[in-house]
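Descriptive structure summary
These are the residues of each chain, in order.
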Amino acid sequence: LENLQPEIKEFAKRLRYEVSVRGKQLGWSEKVARFHFAKNMRRIVTELYIRDNCHPFKATLLLWVQIPMWVCVSLALRNCSVGALGSAVQEQFSSGGALWFTDLTVPDSTWILPVSLGLVNLLVVEV
């Protein structure tokens, strides 16, 4: 989308000139000229999106998949850690950690995992 912006601005500049010339020839009011400009500009931008296969909805598609997935995983981990799935799972979580987090049922008091997860997500979004 960003790569198309210079081309869209150039088309808008040219179209604005063409609509103003045509509007003066046909005696259009300012409102009619704006309508024709907007209609043709939408058509041009849509054609550019189709040509380069970069519809703006595609950028939000990941968001609509990632948020529900994150909520489901968070709820599943919470249910596992509070023992909602049974005592066998609870026991495995309480003795199955590594490094500084030996008990997965206890909140991370150092905040290393939440902060590192947030930084990794920020890195993924920015890259």
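Think of each chain on its own: its residues are numbered from 1, step by step along the sequence as written. Totals for whole chains, interfaces and linings use all residues, but because this is a predicted model, local features are given only for residues with pLDDT of at least 70 and pairs of side-chain atoms are given and counted only at 80 or more. Excluded from the side-chain calculations are hydrogens and water; all other atoms, namely the structure's heavy atoms, are used.

The protein carries the name COX18 protein in an unreviewed UniProt entry, which gives Rhagologus leucostigma as its organism.

Once that is clear, we can look at the domain arrangement of the protein. Boundary definitions for the domains trace back to an automatic or database domain assignment. Assigned domains of the protein: these are domain 1 (3-54) and domain 2 (58-126). Relative to domain 2, the C-alpha centre of domain 1 lies at a distance of 49 Å.

Turning our attention to the nonpolar core. If you look at the biggest cluster of nonpolar residues, it comprises 13 residues, and the most contacted ones within it are Leu4, Ile8, Leu15, Phe37 and Met41. At the level of elements, helix H1 (5-26) and helix H2 (30-52) are the ones that each hand at least two residues to this core. Counting residues per element, this core draws most heavily on H2, which supplies seven residues. By the convention used here, residues are in contact when the closest approach between their heavy atoms is within 4.5 Å. Discounting residues that sit within four places of it in the chain, Phe37 has contacts with Ala12, Leu15, Arg16 and Val19. For the purposes of this section, nonpolar cores are sets of buried Ala, Val, Leu, Ile, Met, Phe, Trp, Tyr and Cys residues that join through side-chain atoms within 4.5 Å. The cut-offs for exposure are 20% and 50% of the maximum accessible area for each residue type, with area from a 1.4 Å probe on protein chains only; residues under the lower value are buried, those over the upper are exposed, and the others partly exposed. A run of H or I in DSSP becomes a helix once it reaches four residues, and a run of E becomes a strand once it reaches two; helices and strands are each numbered from the N terminus.

In this section: unusual backbone geometry. The backbone phi angle of Asn53 is positive, close to 55 degrees, even though this residue is not glycine. Asn53 sits in the exposed class, given a relative accessible area of 54%. The backbone of Trp111 sits at a positive phi, close to 65 degrees, despite the residue not being glycine. With respect to the helices and strands, the residue Trp111 is situated in the loop between helix H4 (87-95) and helix H5 (112-126).

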